[in-house]
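# Analysis of the macromolecular model
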Amino acid sequence: MPKIDCKFLKQTTNTIVNSTGQVWPCCYFGVHEHESIEQEQPIFKEYQKNKDKYNLNNHTLKEILNSEWFTKTLPDSWKDDKMTARQCKRWCTEGHDPAQLRIKIDE
């Protein structure tokens, strides 16, 4: 199983807040919040069960980022391949450089 090198936890990426106040750890999660196929992932289902807890209209950013989903559930999901979000696997696998997917490198 690939090791996840989370840019959110390392604070090398920005936390995303959508127009309704919903907080996501990174753009890779926030951009897919309304796609039904992504909502079927276990980590998204867990988030959705308590989504009001992760909304700035209900809690402070500090409370949200210190919540169990952000501090425990998300990192623990990387220990089980079936729980790991596709976004984490695609963009944050250790040794993987996402920029290489967007930039054509001249050889």
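The structure under discussion appears in the preceding block.
Presented here is a report on the structure given in the accompanying data block. Fair warning: this is a prediction, and the values are worked out from it, not measured in the lab.

### Considerations on the packing of aromatic side chains
Applying the stated criterion to the full structure yields 8 aromatic pairs. On the numbers, 4.0 Å between centres and 15 degrees between planes, the contact of Trp24 with Tyr47 is stacked. Taken as a pair, Trp24 in strand E2 (residues 23–24) and Tyr47 in helix H3 (residues 42–49) lie far apart in primary sequence, 23 residues in all. Among the residues examined, Tyr47 registers a relative accessible area of 0% and is labelled buried. Between Tyr28 and Trp91, the ring centres sit 4.9 Å apart and the planes meet at 5 degrees, which makes this aromatic pair stacked. Note that Tyr28 is positioned in helix H1 (residues 27–30) and Trp91 in helix H6 (residues 86–91), a separation of 63 residues in sequence. By relative accessible area, Trp91 is classed as buried at 15%. Put simply, the rings of Trp24, Phe44, Tyr47, Tyr54, Trp69 and Phe70 pair up and form one aromatic cluster.

### Here we look at the pattern of salt bridges
Under the counting rule described, the total for this entry stands at 5 salt bridges. Here Lys3 ties to Glu94 by a salt bridge, and the two come within 3.7 Å at their closest N and O atoms. Taken together, the residues Lys3 in the segment before strand E1 (16–17) and Glu94 in the loop between H6 and helix H7 (99–102) connect sequence positions 91 residues apart. For Glu94, a relative accessible area of 48% translates into the label partly exposed. Between Lys79 and Asp76 there is a salt bridge; the shortest N-O distance is 3.3 Å.

### Regarding H3
Among the residues making up H3, those that are buried are Ile43, Phe44 and Tyr47. End-on view of H3: buried residues confined to an arc of 95 degrees, all on one side of the axis.

### Quick notes on the side chain of Thr93
With respect to the element layout, Thr93 can be found in the loop between H6 and H7. Engagement of the side chain of Thr93 in a polar contact is seen with the backbone oxygen of Lys89, the distance being 2.4 Å.

### Looking at a nonpolar patch on the surface
Residues Val17, Leu56 and Leu61 make up a contiguous nonpolar surface patch of about 210 Å² in total accessible area. The residue Leu61 is located in helix H4 (residues 61–65) in this model. On the basis of relative accessibility, which here comes to 37%, the residue Leu61 falls in the partly exposed class.

So, how was this worked out
- Residues numbered from 1 in each chain as written.
- Predicted model: local features only at pLDDT ≥ 70, side-chain atom pairs only at ≥ 80, totals over all residues.
- Heavy atoms only, no water.
- Phe/Tyr/Trp six-rings, centres within 6.5 Å; stacked < 30°, edge-to-face > 60°.
- Helix = DSSP H or I, 4+ residues; strand = E, 2+ residues; numbered from the N terminus.
- Buried < 20%, exposed > 50% of the residue type's maximum accessible area, 1.4 Å probe, protein only.
- Salt bridge = Lys/Arg side-chain N within 4 Å of Asp/Glu carboxyl O.
- Arc of directions from axis to C-beta.
- Polar contact = N/O pair within 3.5 Å; in protein donor to acceptor, adjacent residues only side chain to side chain.
- Patch = residues over 30% accessible without salt bridge, like charges linked within 9 Å, V, L, I, M, F, W, Y side chains within 5 Å.
- Areas by Shrake-Rupley, 256 points an atom, 1.4 Å probe, with all protein chains shown as cover.

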